[in-house]
Amino acid sequence: MFDRDRLEEIKRRRKAWEEGTLRRSLERFGAKESPNRFYTPGDIPDFDFLGKVGFPGEFPFTAGNYPTSVPGATGGGYILSGGGLVRAGDYSGYGTPEDTRDFYRLMTAAGRPGGPNLAFDLPTQLGYDSDDPLARGEVGKTGVAVDSLRDMEVIYEAWTGASDLDKIASNFTINAPCNIILAMYIALADKRGIPLNKLRGTPQNDILKEYIARGTYIFPPRPALRMVRDTITYCTQHLPAMNTISITGYHMREAGASGTQVLAFTFSDAIAYIKLGTDAGLDIDTFMPRFTFHSLGGSMDFFAEIALQRAARRMWARIARDRLGAKQPRSWLYRCVTTAMIGNVNTTVQRPLNNLTRSVIGGIASALSGGGVDVRPFYDEALGLGFSAEALQLRYDAARILEHEAKLNQVTDPLAGSYYVESLTDRVEQQAWELLEKVDAMGGAVAAIEKGFVQQEIARSAYEFQREVETGQRTIVGVNKFMGENELEVSTSRLVPHPYDPMKREQAEERQIANLARVRKERDNATVAAALKRLREEARDESVNLIPAILEAVKAYATLGEMCGILREVFGEYREFGVA
């Protein structure tokens, strides 16, 4: 960008500035060093616009995945999702299937867009039925309880006619029993006469991050990866419009990972998943375009989060094209509905309305990082499950103001060429490459997880963050600073009832156990037994795709717990790293 003589002149002038103007200012205020840095072309001496940034929608995608944000042309966030797209709505679900069905009917009546983005309760995520003793006290608490096909049928009573399965997208935040939930959706489509090639949506299906950060695993990593392989191969053949995975750095970030860590570990996991498809004989360009990513989480470090997103798109494009050998540009995309954000973990119980300010900062960062305006999370995220109607209104209005009044979407990647942001983007990417190389040297993501390396790295980062908070080195307003007696706890008025009925939530376990008892009584138990026998036999043969056997059991109204019980017998159960 600058010739060498000019760079040397800038270097000399900088030294003179530091020893003159800057030093005099520091001496005047009694400071030993400046709290600010100033960046120049000397910080990016080898900057190559075409190689490092390029144009939006073209390799290396640093400036953005898409060439324009014309409504319907991009996938960037809920505000930008336009007429050409079919999307799931906000993450939601609670209580019994009836409760969640009624919630979605309420949202639809209120004009909220998108199909269901289902949150499941812990028993469902861990493969237990609602009447299992281990599920006691957890049914319907963190999400909706789903035990059998009957429950999916009830939930989707909210989605019929003009919003039937072939006209919406459904997201399932489920991992270990992902293929069971997916089979329920397929069975439901079959019952409604909807062709499978019309089904759209995204199962999370990212089991590796469960061992790393989130903990809702069931089986050991290698048989669990077989299940992911089955999703990839089955959907590639039968459900071509269905995404097969949503690789989720977000949960690692919530567990304490740094930006560099989440970038390296997310992509090491993604490489392992892609190897499942290629090892199964699939051409990489037939299935890789159906891989998605679900956020890298976030922090309140504004410019660092912008740089992280720019580095992520560039780094993934290079991995996909140069390392994995994908030929199609669509395979090179870091497909993620979100860009920069603050991360839910950075919301606070103390002075919760401050979280709206934090989310707006994240929304600005999202627009400046090569994506659309996306204000998240809700200000009451830290206060409990779900979100209030007031928080939803404030979030939507904040995004509208940033888009329509502040006009933040008028320029794509406006910080491209910034000496600071380009330098920071390069630094983030280089550090992530170095960490990814360490994982590669251990044998890849699975080996690094089995050795405990990834978990230990994130635990160290989480410890350092917490130590900074507790010592006051890191400021969190209203939590460890600015807490005097004259500070006000500002709140909003509750204008309408919370969409999640607290009474229904408390009664969910009893009602769902009754639902399950009726299913067990009314189904043909001989057919169930035969289907479970087939599942057990086929699970023992690693080469067999289990989705057809699971689908047969689902259609017989076998329960999720019964199917996971069979698979536990064959695969065993995972014990957390470090637990004897």
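Residues numbered from 1 in each chain as written. Predicted model: local features only at pLDDT ≥ 70, side-chain atom pairs only at ≥ 80, totals over all residues. Heavy atoms only, no water.

1. Here's the deal with the packing of helix α20 (residues 525-539) against helix α21 (residues 547-555)
The line we're drawing: Structural elements are reduced to axes, namely lines fitted to C-alpha atoms, with helices fitted over the stretch in contact, and the angle between N-to-C directions of any two is expressed from 0 to 180 degrees. Only runs of H or I of at least four residues qualify as helices and only runs of E of at least two qualify as strands under DSSP, and these elements are numbered from the N terminus. Any angle that is under 35 degrees is reported as roughly parallel, and any over 145 degrees as roughly antiparallel; angles of 65 to 115 degrees are reported as roughly perpendicular and all others as oblique. Left-handed describes a crossing whose near helix is turned anticlockwise from the far helix through less than a right angle; right-handed describes the clockwise counterpart. Contacts are residue-level and defined by heavy atoms, with any inter-residue pair within 4.5 Å sufficient. When residues are sorted by character, Ala, Val, Leu, Ile, Met, Phe, Trp, Tyr, Cys and Pro go into the nonpolar class, Asp, Glu, Lys and Arg into the charged class, and all the rest, Gly among them, into the polar class.
Here α20 crosses α21 at 165°, and the two axes come no closer than 8 Å. With respect to α21, the axis of α20 lies roughly antiparallel. In the crossing of α20 with α21, the sense of the turn from one axis to the other is left-handed. Residues A531, L532, R534, L535 and E538 of α20 form the contact with α21, whose own contacting residues are P548, A549, I550, E552 and A553. By residue class, the composition of the contact of α20 with α21 is seven nonpolar, no polar and three charged.

2. Quick word on the side chain of E390
Here is the rule: Exposure classes here rest on a 1.4 Å probe applied to the protein chains alone. A residue is buried below 20% of its type maximum, exposed above 50%, and partly exposed in between. In the analysis that follows, any N or O atom pair within 3.5 Å is treated as a polar contact, provided that within protein one partner can donate a hydrogen and the other can accept it, and provided that, for residues neighboring in sequence, both atoms belong to side chains.
Mapped onto the fold, E390 is located in helix α15 (residues 389-405). You can call E390 buried: its relative accessible area is 9%. A polar atom in the side chain of E390 sits 3.3 Å from the side chain of R494. Setting aside chain neighbours within four positions, we find E390 in contact with Y379, S493, R494, L495 and V496.

3. A look at the pairing of strand β4 (residues 200-203)
The cut-off we apply is this: DSSP calls a pair of strands paired once it identifies at least 2 bridges connecting them. Crossovers are described as right-handed under a simple rule: with the strands pointing away from the observer, the path leading from the first strand over the helix to the second runs clockwise.
Two elements, strand β3 (residues 169-173) and β4, share four bridges in a ladder whose sense is parallel. Across the sheet, residue N171 finds its bridge partner in β4, namely T202. Handedness of the β3-helix α7 (residues 178-192)-β4 crossover: right-handed.

4. Overview of the confidence of the model for the chain
Basically, it comes down to this: Confidence of the prediction at every residue is given by pLDDT, a number between 0 and 100.
On average, residues of the chain carry a pLDDT of 93, and 96% of them reach 70 or more. In the predicted structure, residues 72-83 sits below a pLDDT of 50 and forms 38 contacts with residues beyond four places in sequence or in another chain.

5. A short note on unusual backbone geometry
Here the bond from F59 into P60 is cis, since omega is 10°, no more than 30 degrees from zero. As for its position among the elements, P60 is in the loop between α2 (49-52) and α3 (77-80). Phi at F61 takes a positive value of approximately 65°, unusual for a residue other than glycine. Secondary-structure assignment places F61 in the loop between α2 and α3. Despite not being glycine, F482 shows a phi value in the positive range, around 60°. Here F482 lies in the loop between α18 (453-471) and α19 (502-522).

6. Digging into the packing of helix α11 (residues 259-279) against helix α16 (residues 419-441)
One way to put it is that α11 packs onto α16 with a least axis distance of 8 Å and a crossing angle of 50°. The orientation of α11 with respect to α16, classified from their angle, is oblique. The hand of the α11/α16 crossing is right-handed. Seen from α11, the contacting residues are T260, Q261, L263, A264, F265, S268 and I271; seen from α16, they are V428, Q431, A432, L435, L436 and V439. By residue class, the composition of the contact of α11 with α16 is nine nonpolar, four polar and no charged.

7. Some words on the nonpolar core
For clarity, the cut-off: Within this scheme, the nonpolar core is defined by two criteria: the residues are buried Ala, Val, Leu, Ile, Met, Phe, Trp, Tyr or Cys, and they are joined through side-chain atoms within 4.5 Å.
Judged by nonpolar contacts, the single largest core of 127 residues is most densely connected at Y156, L263, Y273 and W316. Ignoring anything within four residues of it in the chain, the contact list for W316 reads F267, A270, I274, M288, F293, L324, S331, W332, L333 and Y334.

8. Topic: the pattern of salt bridges
For clarity, the threshold we go by: Just to be clear on terms, a salt bridge is a Lys or Arg side-chain nitrogen sitting within 4 Å of an Asp or Glu carboxyl oxygen.
As enumerated under the stated definition, the model contains 48 salt bridges in all. Measuring nitrogen to oxygen at the nearest pair gives 2.8 Å for the salt bridge that ties R523 to E562. Of this pair, R523 sits in the loop between α19 and α20 while E562 sits in helix α22 (residues 560-571), and the two are 39 residues apart along the sequence. Among the ionic pairs, E552 bridges to R534, the shortest N-O distance being 2.4 Å. Placement of the pair is E552 in helix α21 and R534 in helix α20, with a sequence separation of 18 residues.

9. Topic: the packing of aromatic side chains
For clarity, the threshold we go by: When two rings of Phe, Tyr or Trp (its six-membered ring) have centres within 6.5 Å they constitute a pair, described as stacked for plane angles under 30 degrees, edge-to-face for angles over 60, and tilted for the intermediate range.
Applying the stated rule across the entire model yields 25 aromatic pairs. Ring geometry for Y217 versus Y574: centroids 4.9 Å apart, planes at 85°, classification edge-to-face. Here Y217, found in the loop between α8 (208-214) and α9 (221-238), pairs with Y574, found in the segment after α22; they are 357 residues apart in sequence, far enough to count as distant. Ring plane angle 40° and centroid distance 4.8 Å describe the contact between F293 and Y334, whose orientation is recorded as tilted. Of this pair, F293 sits in strand β6 (residues 291-293) while Y334 sits in the loop between α13 (302-323) and α14 (354-368), and the two are 41 residues apart along the sequence. Neither F293 nor Y334 differs from the other in exposure class; each is buried.

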